[in-house]
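Structural overview
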Amino acid sequence: MSALLSVKDLRIDFVDRGRVTNTPVRGIDLEVGHGEIIGVVGESGCGKTLTGLAVLGLLPGGATATGSVLLDGGDQLAPNAANRRGEDVSIVFQNPGTAFNPVFTIGAQLRNVVRRHRDFTKREEDAHILNYLTLVQLPDPARAAASYPHELSGGMLQRAMIAMALLCEPKLLILDEPTTALDVTVAKQILELVLDLQRQFGFSVLLITHNLGIVHDICDRVAVLYAGRVIELGETAEVLKSPKHPYTQGLLDALPGNRDPNMPLAAIRGTVPSNLLGITGCAFADRCPLVIDECRRIDPALLESTNGHADACIRTVRA
């Protein structure tokens, strides 16, 4: 499968007064194929959202990126990357209640997106907006367009945000924890909607999530991040069935459905390091149940073991 998105050795540094204070992303390699849905999972602080923001060309102030992020051949780290935002790549944020501006109607905010990227008449703008609000299955698209964000439920707001993200038919849609703020039933409906639209339009999806259940249900491949690096990558069914890295195994062991109901939930001891400057060896070593002395000296590369299934652990037995 040819790559729509190609991320090579992405490194993100936070700089204050000319001094690097943290490096939360430390050399990520990742590809997303045309029409592919790939999940990016890991604990908070592992670099998932920053990677997505780098793809968007939306890194926060004080952050600098090096490496290569190519989207359909365009350099997303270049100063003009913002010009492609909305057309080549778009995002659905975690909390639609804070992502929309509370003082403008939904329709006005969608209209701003259309006007930035399309040369439509006012009538064409109205028709385009109502068409996409209909596609995301809002029950009364005209009323939704005339509403302010606080007048819509969380699920309706998320549908409106999906409509906004798709207005200019992007090639890549980034979903950043798109169901976290929703109840279980609405979350399921939103994911089914995204899948339906993805089949209809053929865009690729980069799904950032903590939820391995969602990854299992909709993703073709999954990348597991830890401390700013991909530590396991492969087809979803293969990674979830036969994890190679101890961290991935720990995530799976922590799922309630994977444990004896009479036993306490498993947990990975410790936390992701808050600052990654000066780390030597494997960043997971202090939390790993399989750690040996060599782990504290060697920073393992991501290596393939079987059928495109790769991991970054020196204890993996490779053919």
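Look up: the structure comes first, before these words.
Residues numbered from 1 in each chain as written. Predicted model: local features only at pLDDT ≥ 70, side-chain atom pairs only at ≥ 80, totals over all residues. Heavy atoms only, no water.

In the contact formed by helix α3 (residues 106-117) and helix α4 (residues 122-135), the axes pass within 10 Å of each other and the chain directions differ by 115°. Here the hand of the crossing between α3 and α4 comes out right-handed. Residues Gly107, Leu110, Arg111, Val114 and Arg115 of α3 pack against Lys122, Glu125, Asp126, His128, Ile129 and Leu133 of α4. (Axes fitted to C-alpha atoms, helices over the stretch in contact; angles between N-to-C directions. Helix = DSSP H or I, 4+ residues; strand = E, 2+ residues; numbered from the N terminus. Left-handed = near helix turned anticlockwise from the far one by under 90°. Contact = heavy atoms within 4.5 Å.)

Our focus in this paragraph is the side chain of Asp88. With respect to the secondary-structure elements, Asp88 resides in the loop between β5 (74-75) and β6 (89-92). Other than its neighbours up to four places away in sequence, Asp88 contacts Leu71, Pro170, Lys171 and Leu172.

Attention shifts here to the nonpolar core. Ranked by size, the top nonpolar core spans 60 residues in total, and within it Leu110, Leu133, Ile162, Ile218 and Tyr226 carry the most contacts. Setting aside chain neighbours within four positions, we find Leu133 in contact with Leu110, Leu138, Pro141, Ala145, Ala160 and Ala163. Counting residues in hydrophobic clusters, the runner-up holds 30 residues, among them Leu4, Ile28, Ala54 and Leu225. (Core = buried A, V, L, I, M, F, W, Y, C linked by side-chain atoms within 4.5 Å. Buried < 20%, exposed > 50% of the residue type's maximum accessible area, 1.4 Å probe, protein only.)

In terms of burial, helix α1 (residues 48-56) is a largely internal element, 8 of the 9 residues being buried. In the segment just after α1, Gly57 is the residue with positive phi, at about 70°.

All told, the structure shown has 15 salt bridges when counted by the stated rule. Taking the shortest distance from any N to any O, the salt bridge between Glu125 and Arg111 comes out at 3.0 Å. One end of the pair, Glu125, is in helix α4; the other, Arg111, is in helix α3, and 14 residues separate them in sequence. There is no split in this pair, since Glu125 and Arg111 are both buried. A cluster of three or more residues bridged by salt bridges with shared partners is formed by Arg111, Arg115, Lys122, Glu125 and Asp126. (Salt bridge = Lys/Arg side-chain N within 4 Å of Asp/Glu carboxyl O.)

The next point concerns the sheet that holds strand β1 (residues 3-16). One key point about sheets: their strands pair by backbone hydrogen bonds, in either a parallel or an antiparallel sense. As summarised here, the arrangement of the 4 strands in space is β2-β1-β4-β5, forming an open sheet in which the pairing is antiparallel. Two strands bound the open sheet, and with one partner strand each, they are β2 (19-33) and β5. Sheet analysis places strand β4 (residues 63-71) next to β5, joined by 2 bridges and oriented antiparallel. By the bridge assignment for β5, Leu71 is matched with Gly74. (Pairing = 2+ DSSP bridges.)

All right, on to the sheet that holds strand β9 (residues 221-226) then. Spatially, the 8 strands line up as an open sheet ordered β6-β7-β8-β3-β9-β10-β12-β11, and their pairing is mixed. Pairing within the sheet leaves two strands with one partner each, and these edge strands are β6 and β11 (303-306). Taking the axes of each pair of neighbouring strands and ignoring which way they run, one obtains an average angle of 20° across the sheet. Where strand β10 (residues 229-235) lies against strand β12 (residues 309-311), 2 bridges are found, and the strand directions are antiparallel. Residue pairing across strands places Leu233 opposite Ala310, the latter belonging to β12. Those strands touched by helix α10 (residues 246-253) are β9 and β10, and its axis lies near 105° from that of β9.

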